[in-house]
Amino acid sequence: MSWRNTLEPFARPMFFFWSRLTRAKTLGVRVLVQDEQGRVLLVRHTYLDGWYLPGGGVDARETLESAAIRELAEETGLVAQSRPVLISVHANERFMPGDHVAVMRVESFDPGVLTSRHEIAEVGFFALDALPDDLNRGTRARLAEIFDGAEVSPDW
């Protein structure tokens, strides 16, 4: 277990407190990207267990599209070459009251430079029939909705 995993239970409540003071609602974005073989891009953070779709918070005066492009570049080094398209929006009330997560798809991308090495432990493309065992529950649900025809849940 890294020091980030040890500190995360203490740091996260402070982050939520600050977010609530500065924002009435919070909004995050997750980005779906597939390579030429149809594999899905996932990231593993240094401070959370499991694999996730790349993404993060939407900053003040930032659109969902620009946040998706920025987070994709920061977390994976990929540069979006197509405009992100909204797939779905989910309430993340179980994790943080007032939080919402939008899922966006980027169809075309180029390699770039990974700038978030302190936050991201690994980046990889995974076949839909060979996803990591420790795939985050919310990410697994979104992939099932997108690729397996599962009913889209309003909740993350």
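Scoring rules and cut-offs
Residues numbered from 1 in each chain as written. Predicted model: local features only at pLDDT ≥ 70, side-chain atom pairs only at ≥ 80, totals over all residues. Heavy atoms only, no water. Pairing = 2+ DSSP bridges. Helix = DSSP H or I, 4+ residues; strand = E, 2+ residues; numbered from the N terminus. Contact = heavy atoms within 4.5 Å. Axes fitted to C-alpha atoms, helices over the stretch in contact; angles between N-to-C directions. Core = buried A, V, L, I, M, F, W, Y, C linked by side-chain atoms within 4.5 Å. Buried < 20%, exposed > 50% of the residue type's maximum accessible area, 1.4 Å probe, protein only. 1 Å grid on protein atoms, 1.4 Å probe; cavity = no way out; pocket = protein on both sides within 12 Å on 5 of 7 lines; lining within 4 Å. Points joined across faces, edges and corners; volume = space filled by probe spheres on them. Nonpolar A, V, L, I, M, F, W, Y, C, P; charged D, E, K, R; others polar. Arc of directions from axis to C-beta. Polar contact = N/O pair within 3.5 Å; in protein donor to acceptor, adjacent residues only side chain to side chain. pLDDT = per-residue confidence, 0-100. Salt bridge = Lys/Arg side-chain N within 4 Å of Asp/Glu carboxyl O.

### Comments concerning the sheet that holds strand E9 (residues 120-126)
Here comes step 1: Across the sheet, 3 strands lie side by side as E3-E2-E9; this open sheet has antiparallel pairing. Edge positions in the sheet fall to strand E3 (51-52) and E9, since each of these pairs with one other strand and no more.
Here comes step 2: Bridge analysis of strand E2 (residues 40-45) against E9 gives 6 bridges, and the strand direction is antiparallel. Residue pairing in the sheet places Leu41 in a bridge with Phe125 of E9.
Here comes step 3: Of the strands in this sheet, E2 and E9 touch helix H2 (residues 64-76), which is tilted by about 65° from E2.

### Remarks on the nonpolar core
Here comes step 1: Formed by 13 residues in total, the largest nonpolar core has its most connected members in Val29, Val31, Val33, Leu72, Leu78 and Val106.
Here comes step 2: For this core, the elements supplying multiple residues, two or more each, are strand E1 (26-33), H2 and strand E7 (99-106).
Here comes step 3: Excluding residues that lie within four positions of it along the chain, Val29 makes contacts with Pro54, Gly55, Gly56, Val58, Leu64, Ala67, Ala68, Glu71, Ala102 and Met104.
Here comes step 4: The next biggest cluster of nonpolar side chains, apart from the first, holds 8 residues, and it includes Val40, Leu42, Trp51 and Phe126.

### Points about the layout of surface pockets
Here comes step 1: For the largest pocket, the calculated volume is near 1200 Å³.
Here comes step 2: In this structure, the largest pocket is lined by 41 residues; those nearest its centre are Arg12, Phe15, Arg30, Tyr47 and Phe95.
Here comes step 3: The set of elements that each furnish at least two residues to the lining of the largest pocket consists of helix H1 (3-22), E1, strand E4 (55-57), H2, E7 and helix H3 (137-147).
Here comes step 4: When residues in the lining of the largest pocket are grouped by element, the largest group, 9 residues, is from H1.
Here comes step 5: Along the lines of polarity and charge, the residues of the lining of the largest pocket split into 16 nonpolar, 11 polar and 14 charged.

### Let's talk about H3
Here comes step 1: Residues of H3 that are buried include every one of Gly138, Thr139, Arg142, Leu143 and Glu145, and no others. Looking straight down H3, one finds its buried side chains confined to an arc of 160°; they lie on one side.
Here comes step 2: Looking at the buried residues of H3, the elements they touch are E1, E2, E3, strand E6 (85-91) and E7.
Here comes step 3: Taking the backbone nitrogen of Gly138 as reference, a side-chain oxygen 2.9 Å away marks Asn136 as the first, capping residue of H3.
Here comes step 4: Phi for Gly149, located one or two positions after H3, is positive at around 75°.

### Thoughts on the confidence of the model for the protein chain
For any part of a model where pLDDT is low, the fine detail of the predicted coordinates should not be relied upon.
Here comes step 1: Taken over all residues, the pLDDT of the protein chain has a mean of 90, while the share at 70 or more is 96%.
Here comes step 2: Mean pLDDT across the elements of the protein chain bottoms out in H1 (74) and peaks in E3 (98).

### Section: the pattern of salt bridges
Here comes step 1: All told, the structure shown has 9 salt bridges when counted by the stated rule.
Here comes step 2: Between Arg44 and Glu122 there is a salt bridge whose closest N-O contact spans 2.8 Å. Of the two residues, Arg44 sits in strand E2 while Glu122 sits in strand E9, which places them 78 residues apart along the sequence.
Here comes step 3: Of the charged contacts, one joins Asp59 and Arg70 as a salt bridge, the two residues approaching to 3.5 Å between their closest N and O atoms. Of this pair, Asp59 sits in the loop between E4 and H2 while Arg70 sits in helix H2, and the two are 11 residues apart along the sequence.
Here comes step 4: The structure contains a network of salt bridges with shared partners spanning Asp59, Glu62, Arg70, Glu71 and Glu74.

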